[in-house]
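Reading the structure
Residue strings, one per chain:
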Amino acid sequence: MTPVAGTTVGTWPLEEVVARLRSPGGYPSFAERVRAAGCCRRPVRLSGQVTATGPTSAPVVVFDTATLPDRVLLKACGTRRETLCPPCAAVYRADAFALVVAGLRGGKGIPDDITAHPAVLATFTAPSFGPVHRRRADGTCHPTGRRCPHGRALVCGRRHNDRDQLVGQPLCPDCYDYEGAVLFNAGVSELWRRTTIYALRELGRLIGMSVRQTERTLRLSYVKVVEFQRRGSVHVHAVVRVDHRGDEHGSPPTVSGELLAGALLAAARRVSAPLPGPASTARLAWGRQADVAVIGDNDDGRRRAAAYTAKYACKGSDADGLLDHRFRAGVPHQLELPAHLRALAETAWRLGDRPDLGHLRLHLWAHTCGHRGHFLTKSRRYSTTFGRLRADRQRWRIEQGHTEEGGDVRGSPVMGHWRFEGTGYRSTGDAWLAANIAEAERLGRRAAWEDRQWASATAPAPMLTSDGDA
Ligand SMILES: [Zn+2]
Ligand SMILES: [Zn+2]
Ligand SMILES: [Zn+2]
């Protein structure tokens, strides 16, 4: 049995669990509602009704939460963050995968011959804001280094492993450029926007086109995901595809993936953006470490690139999810944060007070160390959207004869009337039961998957009969 965040499993909530088992409908109807909400860890509780109107009839109530346990409907929170709700994050990750893979292999309204369009997987990093503990390819950290103005030797002879909490922490916090780090996170979207413009022009130059000609005939479509590194700076992973402007999903341009990769690398080296703040003359630029790989034409290469990209879409700003929520009045003292992360968040909050940086609204983004907005973004013509994927799911449910809420509404227009009752489960006991239902579901899916693997592994291969008659 897996403990749930926020519950006291040490003293497990026996009385509340018993109360639930004895409530009307008991465990089975509670479990059914939990499963219908995708086993969400912190569902929204809604009360209300769904009405349907036939062609001639007056509205009829087809569903009423009064029939449900506690008279409420549980609705999945839908977060992308694994640390907040693993079951909802899994749905999000599947959607992110569907969205990325459709732009590479077709499907979801994108033609299959999109596979002929050259595409690359690019990773651009943040520059250094001061030496941090790290693990280089040879396993070392900082075997040599100078002494900093604070009298600290910027040297570390250790060999850190991946789980070492020191990785990403500065060798001298007083030397670390916290403001620079926050402003990079805040400006990374603008830097990316400029990179795509430069890369398109560079691509044109490589095939002998003028800037105007290139901008009139070609387009870079992309989906990009930001990933937080251990040092609290964002990385950008992006799938970039080259299309004809105006006929994005039609015939591919006669450009190779290698040329596209070269154009992106050249752009990443040269591009810069003004550092936010009017007084500043400094500019934002990518770090030296950049990587662009051509995505192969074969199906598996495209699928793997999509899986790699979708994986990052579910990560938060820190592994423990401490910074999943916005701050109301600065970084709370009681919040247990590693010193480096706290310094970044506090710097972001402090910069949020500066009038010349007002447009960055850093109080809203202090919990993400200055990074503003979405973790996954895509250009308009890349592929489908999250909204359309969710709408498809809802339509499929209705076609099966049920709304998400459970009413039978085949063929009739429906209307929901809802009231918000609260967030999360009503008791620790309910949360504890829900976590165990989620775990049982997960194990059930795992067993079904293993059964399928087993079945395919032992499927009888076509055999020759003994008399040679196949
Ligand atoms: Zn959830
Ligand atoms: Zn070190
Ligand atoms: Zn120092």
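What you are looking at is a predicted structure, and each value in this text was computed from that prediction instead of being measured. (Residues numbered from 1 in each chain as written. Chains lettered and ligands numbered in written order. Predicted model: local features only at pLDDT ≥ 70, side-chain atom pairs only at ≥ 80, totals over all residues. Heavy atoms only, no water.)

So, on to the coordination of the zinc ion (ligand 3). Cys148 (SG), His150 (ND1), Cys172 (SG) and Cys175 (SG) make up the full set of protein donors to the zinc ion (ligand 3), lying at 2.0 to 2.3 Å. One can describe the site at the zinc ion (ligand 3) as tetrahedral: its four donor atoms subtend angles covering 102 to 115 degrees at the metal. In the primary structure, the donors to the zinc ion (ligand 3) are separated according to the pattern C-x1-H-x21-C-x2-C. Separated by 27 residues along the polypeptide, Cys148 in the loop between strand E4 (119-124) and helix H4 (178-206) and Cys175 in the loop between E4 and H4 bring together distant segments of the chain. Looking at Cys175, the relative accessible area reads 29%, which means it is partly exposed. (Donors = N, O, S within 2.8 Å, 3.2 Å for Na, K, Ca; no water. Tetrahedral: all angles 85-135°; square planar, octahedral: opposite > 155°, others 65-115°. Helix = DSSP H or I, 4+ residues; strand = E, 2+ residues; numbered from the N terminus. Buried < 20%, exposed > 50% of the residue type's maximum accessible area, 1.4 Å probe, protein only.)

In spatial order, the strands read E9-E4-E6-E5-E10; together these five strands make up an open sheet with antiparallel pairing. Single-partner strands in this sheet number two, and they are strand E9 (290-294) and strand E10 (376-378). The mean inter-strand angle of the sheet, taken between neighbouring strand axes irrespective of direction, is 15 degrees. By the bridge criterion, six bridges tie E4 to strand E6 (residues 234-244) in an arrangement that is antiparallel. Within E6, the position partnered with Phe124 by the bridge is Val236. Across the sheet, H4 lies against E4, strand E5 (218-228) and E6, angled at about 150 degrees from E5, the strand it touches most. (Pairing = 2+ DSSP bridges. Axes fitted to C-alpha atoms, helices over the stretch in contact; angles between N-to-C directions. Contact = heavy atoms within 4.5 Å.)

Turning our eyes to something else, we now look at the pattern of salt bridges. Evaluated as defined, the whole model comprises 22 salt bridges. As a salt-bridge pair, Arg219 and Glu248 come within 2.6 Å of each other at their nearest N and O atoms. Within this pair, whereas Arg219 is found in strand E5, its partner Glu248 is found in the loop between E6 and helix H6 (257-270), the two being separated by 29 residues in sequence. Given the relative accessible area of 18%, Arg219 is considered buried. Between Arg381 and Glu248 there is a salt bridge whose closest N-O contact spans 3.7 Å. Of this pair, Arg381 sits in the loop between E10 and helix H9 (386-399) while Glu248 sits in the loop between E6 and H6; the two residues are 133 residues apart in sequence, bridging distant segments of the chain. Since its relative accessible area comes to 7%, Glu248 is described here as buried. Via salt bridges that share partners, Arg20, Asp70, Arg426 and Asp430 belong to a single interconnected network. (Salt bridge = Lys/Arg side-chain N within 4 Å of Asp/Glu carboxyl O.)

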